[in-house]
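Chain by chain, the residues run as shown.
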There are 2 protein chains.
Amino acid sequence: MTERIREFLRNRREDGPCLVVDREVIQDNYIKFARSLPDTRVFYAVKANPAPEVLSLLAELGSCFDTASVVEIELALAAGATPDRISFGNTIKKERDILRALELGVRLFAVDCEVEVEKIERAGLAASVPLADIQVFCRILCDGAGAEWPLSRKFGCVPEMAIDVLEHAHRLGLRAYGISFHVGSQQRNTGSWDGALASASQVFKACAERGIALSMVNLGGGFPAKYLKSIPAVEAYGNAIFEALSKHFGNHIPETIIEPGRGMVGNAGIIESEVVLISRKSADEDDIRWVYLDIGKFGGLAETMDEAIRYPIHTKHDSDRKIPCILAGPTCDSADVLYEKEPYFLPVSLEIGDKVLIEGTGAYTTTYSAVAFNGFPPLKSYVI
Amino acid sequence: MTERIREFLRNRREDGPCLVVDREVIQDNYIKFARSLPDTRVFYAVKANPAPEVLSLLAELGSCFDTASVVEIELALAAGATPDRISFGNTIKKERDILRALELGVRLFAVDCEVEVEKIERAGLAASVPLADIQVFCRILCDGAGAEWPLSRKFGCVPEMAIDVLEHAHRLGLRAYGISFHVGSQQRNTGSWDGALASASQVFKACAERGIALSMVNLGGGFPAKYLKSIPAVEAYGNAIFEALSKHFGNHIPETIIEPGRGMVGNAGIIESEVVLISRKSADEDDIRWVYLDIGKFGGLAETMDEAIRYPIHTKHDSDRKIPCILAGPTCDSADVLYEKEPYFLPVSLEIGDKVLIEGTGAYTTTYSAVAFNGFPPLKSYVI
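Residues numbered from 1 in each chain as written. Chains lettered and ligands numbered in written order. Predicted model: local features only at pLDDT ≥ 70, side-chain atom pairs only at ≥ 80, totals over all residues. Heavy atoms only, no water.

## Section: the interface of chain B and chain A
Reasoning step 1: Each side of the interface is counted separately: chain B has 70 residues, and chain A has 70 residues.
Reasoning step 2: The junction of chain B with chain A conceals about 5,500 Å² of combined surface from both sides, 61% of it contributed by carbon and sulfur atoms.
Reasoning step 3: Looking at the side of chain B facing chain A, the largest losses of area belong to Lys154, Lys281 and Cys332 of chain B, adding up to 13% of the total buried there.
Reasoning step 4: On inspection of chain B and its partner chain A, the count reaches 12 salt bridges.
Reasoning step 5: Among the salt bridges present, the one from Asp112 of chain A reaches Lys281 of chain B, with a minimum N-O distance of 3.6 Å.
Reasoning step 6: Counting across the chain B and chain A interface gives 36 residue pairs in polar contact (both at pLDDT 80 or more).
Reasoning step 7: In terms of residue count, strand 12 (residues 269-279) of chain B provides more of the side of chain B that touches chain A than any other element does, five residues in total.
Reasoning step 8: Here the side of chain B that touches chain A is composed, by residue class, of 35 nonpolar, 17 polar and 18 charged. (Contact = heavy atoms within 4.5 Å. Buried area = accessible area lost by both parts, 1.4 Å probe. Salt bridge = Lys/Arg side-chain N within 4 Å of Asp/Glu carboxyl O. Polar contact = N/O pair within 3.5 Å; in protein donor to acceptor, adjacent residues only side chain to side chain. Helix = DSSP H or I, 4+ residues; strand = E, 2+ residues; numbered from the N terminus. Nonpolar A, V, L, I, M, F, W, Y, C, P; charged D, E, K, R; others polar.)

What follows is the structure, encoded as structure tokens:
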């Protein structure tokens, strides 16, 4: 909670929950990433928070952008990024969207299979872009152990297949540029990059044996935001990654990219919400207390799914005794419960109408919110 | 799939996934509910699909409306419903929203605890509405066994507490009107209403002993839409409910209300989507196939959460051999996987670019879709 956010909320008069994001925190985060990984280009993961003010700040600071769709590419361009600072990082792309990205000047694309490479080749020919100008990196699978929002096998292929995918790109005339992986979102283990970099270096060697010189490793995201548990500093990630790079690549350390999203904007945002109801399910005073907020799983807190992300929550009663509560959202959907399996401790003096501050909500909140579920509007957002 | 939807899709030229809803199917459904439960008032659950054309059709047919928020009340009024045909059915309401509802003429409110009753009393006084004109019904907990989208304990209280809640309303001068419950969404067991009605009749008796004459039972929703498994006809639900009412209330059958949402609009809608990518995670041909669509969990198919709802999916290759596939959405979110634990059988001949028709998607799709996750726009919808 920054003084600037506190001041903004003091003066706010509008009704309903809102997210307030402090640009100064994002600026600090960017500088930390840039200093802790000095030879690495930062590609901010736009999906984490695509607010125009966030993107323009990062563009000014020199950040590059990892995008998931043509709309996100357009947002990055509108924020002042040149196309050479934009990566189309989604491995799942319509061919016509690749064509559109090429027309917009983007030349860096993620793939994880041969048919995706072929889409890029065809789009390149259709756009009359020299194929050798189009850089393709292949995502490999990574186990994601230690991540609080672990990844499925949805993206990436096994490293052996990545060699074939990159060779396919090379033979078609595209530039086989490198490897990417993702160690899992909200990754609190700084050692997680080691195993993935070992695999990446094997792919580099195998490609070199086939006459293909890869030059880039995209280290992905995974950098955590501070929620309830403590997290290592960005410097610790920088050191661990540098060590792992040295260990696996020796004197031939490749170009590197990171894609922080949560780690860049998560701690910059606070959601202000309101207690709508406090009740019990029976007259028994020992029965657990239910606390209902005016924001829930469909209003922006989707990452509470399976109770994965536990946000720090503050109220004006923080110094009072706390009791276990089930925390739920305002909709008529019974799945709209935030914390139940592991109840959340909230002040016994909490009352209906009290404001509740949900910290660490700068990432993956506004854009997850439903367009109008139960008639509730999407989460309002202010970047200050 | 109706001929009208087929014709509409044949002529559609726009890009991206869309939902098409056939008004004629909704009309048929409404008539079935009205005939199968002739003494019951139908309150359509607006949250299932609040498209203006859907609401105006149902308003014309004589339906009442179950609403979850002031926005939904305004939608129902705009569609032509008079306020006496609107229930504010959310048990979690801000006091200022109750006040606004009263100002709009709504007089029927759900509660599940005493503090919610007190909000209604204060709002009634503030709105200068005679308290005796405000009807309050108390929701009781129900086990939801047999439902495919079972309810948590989020809404309702134990029946013993409901007696106190209703007495509290009565003493404050409000009209203690009745009991509601919900047997669980997509409830395929027609016998599920029996246990809840037994509890309701006990509350009626206990209230009568305290001098309070309840008169209404809100039987809730739960009526299923046809997905992959077969479902009983609406008539079977009508018969089972009538039998249970007779069994528990004898000659004093109360007024009744039903709140179908999914059962009213689910089978009226089809989502047309497109295959964006088909791939494997390794070069092994026996490795499971991944099929990625241009719609996923954040684009409208939120009810695939935990693989709860399994939609029927059709393609032009339906007569071909089918193989197990993992079905996923287009976003860079690893949680955006529709069916994986239990893979979905799709034609071996399915190709990138093929259209895919997802049936039974008229309910709980458009409004669940994220406002802009990964830059993807919310689900487009057409009511024909």
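## Regarding the domain arrangement of chain A
Residues and elements named next belong to chain A.
Reasoning step 1: Examined at the domain level, chain A breaks down into domain 1 (89-260) and domain 2 (267-383).
Reasoning step 2: Contacts between domain 1 and domain 2 engage seven residues on the former and 12 residues on the latter.
Reasoning step 3: In total, domain 1 and domain 2 occlude about 840 Å² of area from one another, counting both sides; carbon and sulfur atoms represent 68% of this.
Reasoning step 4: On inspection of domain 1 and its partner domain 2, the count reaches zero salt bridges.
Reasoning step 5: For the pair domain 1 and domain 2, the number of links is zero residue pairs in polar contact (both at pLDDT 80 or more). (Domains from an automatic or database assignment.)

## Some remarks on helix 2 (residues 23-36) of chain A
All names here are of chain A.
Reasoning step 1: For helix 2, which comprises 14 residues, the first-to-last C-alpha distance of 20 Å matches the rise-based estimate of 20 Å (1.5 Å per residue) to within 8%.
Reasoning step 2: Listed in full, the buried residues belonging to helix 2 are Val25, Ile26, Asn29, Tyr30, Phe33 and Ser36. End-on view of helix 2: buried residues confined to an arc of 145°, all on one side of the axis.
Reasoning step 3: Along its buried surface, helix 2 packs onto strand 1 (18-21), strand 2 (40-45), helix 3 (52-61), helix 9 (234-249), strand 11 (255-258) and helix 10 (262-265).
Reasoning step 4: The N-cap residue of helix 2 is Asp22: its side-chain oxygen and the backbone nitrogen of Glu24 are 2.8 Å apart. (Expected span 1.5 Å × (residues − 1). Buried < 20%, exposed > 50% of the residue type's maximum accessible area, 1.4 Å probe, protein only. Arc of directions from axis to C-beta.)

## Section: the relation of the copies chain B and chain A
Reasoning step 1: Mapping chain B onto chain A calls for a rotation angle of 180° and an axial translation of 0.0 Å; the resulting RMSD is 0.0 Å. Taken together, these values place the two copies in the relation of a two-fold axis.
Reasoning step 2: A high fraction, 100%, of the interface residues of chain B reappear at the interface in chain A, so the copies pair face to face through one surface. (Least-squares fit on C-alpha atoms with pLDDT ≥ 70 in both.)

## Notes on the sheet that holds strand 4 (residues 86-88) of chain B
Residues and elements named next belong to chain B.
Reasoning step 1: Around the barrel, which closes on itself, the eight strands sit in the order 2-3-4-5-6-8-10-11 with parallel pairing between neighbours. Across the sheet, the axes of successive neighbouring strands diverge by a mean angle of 30°, strand direction being ignored.
Reasoning step 2: Bridging between strand 10 (residues 216-218) and strand 11 (residues 255-258) involves three bridges; their strand directions are parallel. Within strand 11, the residue paired with Val217 across the bridge is Thr256.
Reasoning step 3: The strands that helix 7 (residues 159-172) touches are strand 5 (108-111), strand 6 (135-139) and strand 8 (175-180); relative to strand 8, the one it contacts most, it runs at about 155°. (Pairing = 2+ DSSP bridges. Axes fitted to C-alpha atoms, helices over the stretch in contact; angles between N-to-C directions.)

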